[in-house]
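# Close look at the chain arrangement
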Amino acid sequence: MNLFDYLETALDTFDERPLGPVDSAALSQFCMVRGEGVIPAALWRGSAADRLRAWASRPARFSDLLQAERYSGLFCGLAPEGVKRELAALVASPRFRDLELRDYASRFDETEHVQFSATTFVWRSPVGHDRDFAYVGFRGTDDSFTGWRENFDMAIDPPVPAQRMAADYLASVARYLPRRLYVGGHSKGGNLATYAVLRAPEEVRSRIERVFDHDGPGFKAGFLRDEDFEPVRDLIHRTVPEESVVGMLMDTSIEPHVVRSTARGAEQHDIFTWEVSGNDFAYSDELSPSAVFTHDLMDDWLASLSPEEMPRVVDALFRALEASGAPSVGAVIFSGADAPALIGEAARNLDQESRDVLTPALGKLAASAARAGAKGLSELF
């Protein structure tokens, strides 16, 4: 069973069964819908009066987005067709269809390398206000060069703008939400959810019942301490697929729940391939060797680059990706073992200065791959 099967068969309401990891996964994917003009906008940086007026406006429902004339620009991300199918299932589902959609926020800035979006979902219980809750969802990386560039910037100089915006958004909109809060996201959205909760004021953090990080990257080594996670460690439910790539990037002290997937390799990042058992995911006992290899490889490679070198390498890398003619960064990143060769080939189109920066870095990546491979062999014998 997958997420679609779950949406079509989970007929109980949130009063009958609390929000869980699979529900969070569904809502985190819906955050890939562009809600401008339909979902009431969040004015979290406006005056208190402006925010109150925005909150008092009529909330949207999933059915408000079900307009064929909007489809050409409605869906973004790595699996837009899956999100389109999901929308129809959410509209039909007695579990999800009455959720309020509000506080939509979105910012995209190529110059500043910013790609951020958030949507809040509110359950109004017919049984009693004490059962009301809100799910604050953060969008993952879209398929733009800007979105992926911000991901790389997380490894250079955090917090990046999207992380600061996520913390600001959660702290601000929480004032107008039901007391019970859930926070979550997929991919970069999972990182933003975790960061927002880590930086939340205590009066907000004390209301949070669960934080869901679905295959989100970690944080730059040294940016956060283990002690930073202690107040929220028991709240965070982190899920990654068996052959995770994105969820293995950088560091986090939160151990993951490993989910089975029907896909292979980097394609497991698509949450629609994750297996569901009953009302929860189908879990595996451990990560695959390829996921461990990815984590060791990236850790070793990033450690081999000096703080002065990293920004130049990332600049050169993205010039190479743009020169590759690939439709998106994801088309290269998720090409698996072919990715280094594609980047190397694209680097030939760069100016000499950029090649002089990128070529040694790719050499270090190859050396890191050899070391990570040798480590894996040594652990087998």
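Scroll up to find the structure this text is about.
### Overview of the pattern of salt bridges
- What the rule picks out here adds up to 18 salt bridges.
- Between Arg58 and Asp64 there is a salt bridge, and its shortest N-O distance comes to 3.4 Å.
- Residue classification places Arg58 among the exposed positions, given a relative accessible area of 59%.
- Here Arg149 and Asp315 are joined by a salt bridge, their closest N and O atoms 2.8 Å apart. Here Arg149 is found in helix 6 (residues 145–153), whereas its partner Asp315 is found in helix 12 (residues 309–323), with 166 residues between them in sequence.
- Through salt bridges with shared partners, a single ionic network connects Asp12, Arg17, Asp23 and Arg95.

### Description of the sheet that holds strand 3 (residues 133–138)
- Pairing within the open sheet is mixed, and its eight strands lie in the order 1-2-3-4-5-6-7-10. Looking at which strands have only one partner, the edges of the open sheet turn out to be strand 1 (100–109) and strand 10 (283–284).
- Two strands pair when backbone bridges link them, and strand 6 (residues 236–241) and strand 7 (residues 257–259) are joined in this way by three bridges, in the parallel orientation. Among the inter-strand pairings, Val240 is bridged to a residue of strand 7, identified as Val258.
- Where helix 2 (residues 21–30) meets the sheet, it contacts strand 1, strand 2 (114–123), strand 3, strand 4 (180–186), strand 5 (208–214), strand 6 and strand 10, and its direction lies at approximately 65° from that of strand 5.
- In the packing of helix 6 onto the sheet, contacts are made with strand 1 and strand 2, and the angle to strand 2 comes to roughly 95°.

### Thoughts on empty space enclosed by the protein
- Evaluation of the coordinates by the stated rule reveals three cavities of 30 Å³ or more.
- In this structure, the largest cavity spans a volume of roughly 120 Å³.
- Lining the largest cavity are 14 residues, with Gln29, Met32, Leu78, Ala79 and His186 sitting closest to its centre.
- Considered class by class, the residues forming the lining of the largest cavity number six nonpolar, seven polar and one charged.

### Notes on the packing of aromatic side chains
- Tallying each qualifying case throughout the model produces 20 aromatic pairs.
- An angle of 85° between the planes, with centres 5.3 Å apart, marks the rings of Phe14 and Phe133 as edge-to-face. Residue Phe14 is located in the loop between helix 1 (3–9) and helix 2, and its partner Phe133 is located in strand 3; the two are separated by 119 residues in the primary sequence.
- Assessed through its relative accessible area of 5%, Phe14 is described here as buried.
- By relative accessible area, which is 2% here, Phe133 ends up buried.
- A ring pair is formed by Trp274 and Phe281, whose centres lie 5.5 Å apart and whose planes are at 70°; its orientation type is edge-to-face.
- Judged by relative accessible area, which is 0%, Trp274 ranks as buried.
- The structure contains a cluster of three or more aromatic residues connected by ring pairs, namely Phe14, Phe96, Trp123, Phe133 and Tyr182.
- Above the face of the Phe4 ring, Arg85 is positioned so that its terminal group lies 3.9 Å from the ring centre.

### Some details on the nonpolar core
- Ranked by size, the top nonpolar core spans 61 residues in total, and within it Phe116, Phe138, Tyr169, Leu170, Ile208 and Leu358 carry the most contacts.
- Looking at this core element by element, the count peaks at eight residues for helix 12.
- Judged by nonpolar contacts, the second largest core, of 44 residues, contains Leu19, Leu101, Phe121 and Trp123.

Thresholds applied
- Residues numbered from 1 in each chain as written.
- Predicted model: local features only at pLDDT ≥ 70, side-chain atom pairs only at ≥ 80, totals over all residues.
- Heavy atoms only, no water.
- Salt bridge = Lys/Arg side-chain N within 4 Å of Asp/Glu carboxyl O.
- Buried < 20%, exposed > 50% of the residue type's maximum accessible area, 1.4 Å probe, protein only.
- Helix = DSSP H or I, 4+ residues; strand = E, 2+ residues; numbered from the N terminus.
- Pairing = 2+ DSSP bridges.
- Contact = heavy atoms within 4.5 Å.
- Axes fitted to C-alpha atoms, helices over the stretch in contact; angles between N-to-C directions.
- 1 Å grid on protein atoms, 1.4 Å probe; cavity = no way out; pocket = protein on both sides within 12 Å on 5 of 7 lines; lining within 4 Å.
- Points joined across faces, edges and corners; volume = space filled by probe spheres on them.
- Nonpolar A, V, L, I, M, F, W, Y, C, P; charged D, E, K, R; others polar.
- Phe/Tyr/Trp six-rings, centres within 6.5 Å; stacked < 30°, edge-to-face > 60°.
- Lys NZ or Arg CZ within 6 Å of the ring centre and 35° of its normal.
- Core = buried A, V, L, I, M, F, W, Y, C linked by side-chain atoms within 4.5 Å.

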